[in-house]
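Structural features, examined
Chain by chain, the residues:
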Amino acid sequence: MPDAGLFSNVDTIIPKTLCLFSGGKDSAMALLHEIDSGKKCIALIAECNSHAQLSDGPEVDVEMVKAIAEKIFHVETITCNTTDENYKDELVETIDNLILNNKINRIVTGDLNH
């Protein structure tokens, strides 16, 4: 019988993917691909003025985007509160912190406009 300690660090064994998630079809497909590949996923939602930050298109309510990630895809969500002036810097800082704290080892996005 295997030692219970063998599986005590299962989070470090399963690859963890950060998906820059807007709730749109491109980021949803990227997230679904990672889930179907057996990876544990975290959805990062960039919030600016209580709306999900999208590169193009309408402003979307952050709570709706979180609900899509949590209730449809069953993944953990993290919200990055950004400002218009520092959007990219704040997003990169959040991602850097997740990498430094060994929370993720892979990043995907639905498009390259972030």
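The structure contained in this document is the topic of the report that follows. (Residues numbered from 1 in each chain as written. Predicted model: local features only at pLDDT ≥ 70, side-chain atom pairs only at ≥ 80, totals over all residues. Heavy atoms only, no water.)

1. A word on the packing of aromatic side chains
Where we set the bar: Aromatic rings from Phe, Tyr and Trp, taking only the six-membered ring of Trp, are treated as a pair when their centres fall within 6.5 Å; an angle between ring planes under 30 degrees marks them as stacked, one over 60 as edge-to-face, and anything in between as tilted. A run of H or I in DSSP becomes a helix once it reaches four residues, and a run of E becomes a strand once it reaches two; helices and strands are each numbered from the N terminus. Only protein chains enter the calculation, and the probe is 1.4 Å; a residue is then buried if its accessible area is under 20% of its type maximum, exposed if over 50%, and partly exposed in between.
Under the definition given, this model contains one aromatic pair. Consider the rings of Phe 21 and Phe 73, whose centres lie 6.0 Å apart with planes at 80 degrees: the pair is edge-to-face. Of this pair, Phe 21 sits in the loop between strand 1 (16–20) and helix 2 (25–36) while Phe 73 sits in the loop between helix 3 (62–72) and strand 5 (76–82); the two residues are 52 residues apart in sequence, bridging distant segments of the chain. For Phe 73, a relative accessible area of 16% gives the class buried.

2. Section: helix 2
Spelled out, the test is: One less than the residue count of a helix, multiplied by 1.5 Å, gives the span that helix is expected to have. Starting at the helix axis, one direction is taken to each C-beta atom, and the arc is that of these directions. Two residues qualify as a contact provided that any one of their heavy atoms is within 4.5 Å of a heavy atom in the partner residue.
Given a rise of 1.5 Å per residue, 12 residues ought to cover 16 Å, and the 16 Å separating the end C-alpha atoms of helix 2 matches this to within 8%. Within helix 2 the residues assigned to the buried category are Ser 27, Ala 28, Ala 30, Leu 31 and Glu 34. Seen end-on, helix 2 carries its buried residues on one side only, within an arc spanning 160 degrees. Opposite the buried face of helix 2, by more than 90 degrees, sit the exposed residues Lys 25, Met 29 and Asp 36. In this structure, the buried residues of helix 2 make contact with strand 1, strand 2 (40–48) and strand 6 (106–109).

3. Observations concerning unusual backbone geometry
Positive phi is not limited to glycine here, since His 74 has a value of about 55 degrees. Inspection of the secondary structure assignment puts His 74 in the loop between helix 3 and strand 5.

4. Looking at the pairing of strand 1
Put simply, the test is: Paired strands are those between which DSSP finds at least two bridges. With strands facing away from the observer, any crossover in which the path from the first strand over the helix to the second runs clockwise is taken as right-handed.
Of all five residues in strand 1, five are buried; the element is thus mostly enclosed. Side-chain alternation along strand 1 places Lys 16, Leu 18 and Leu 20 on one buried face and Thr 17 and Cys 19 on a second face that is also buried. Pairing between strand 1 and strand 2: five bridges, direction parallel. Note on strand 2: the bridge partner recorded for Lys 16 is Lys 40. For the handedness criterion, the β-α-β arrangement of strand 1, helix 2 and strand 2 is classed as right-handed. Here strand 1 runs beside strand 6; their pairing, made up of four bridges, is parallel. Bridging across to strand 6, Leu 18 finds its partner in Ile 107.

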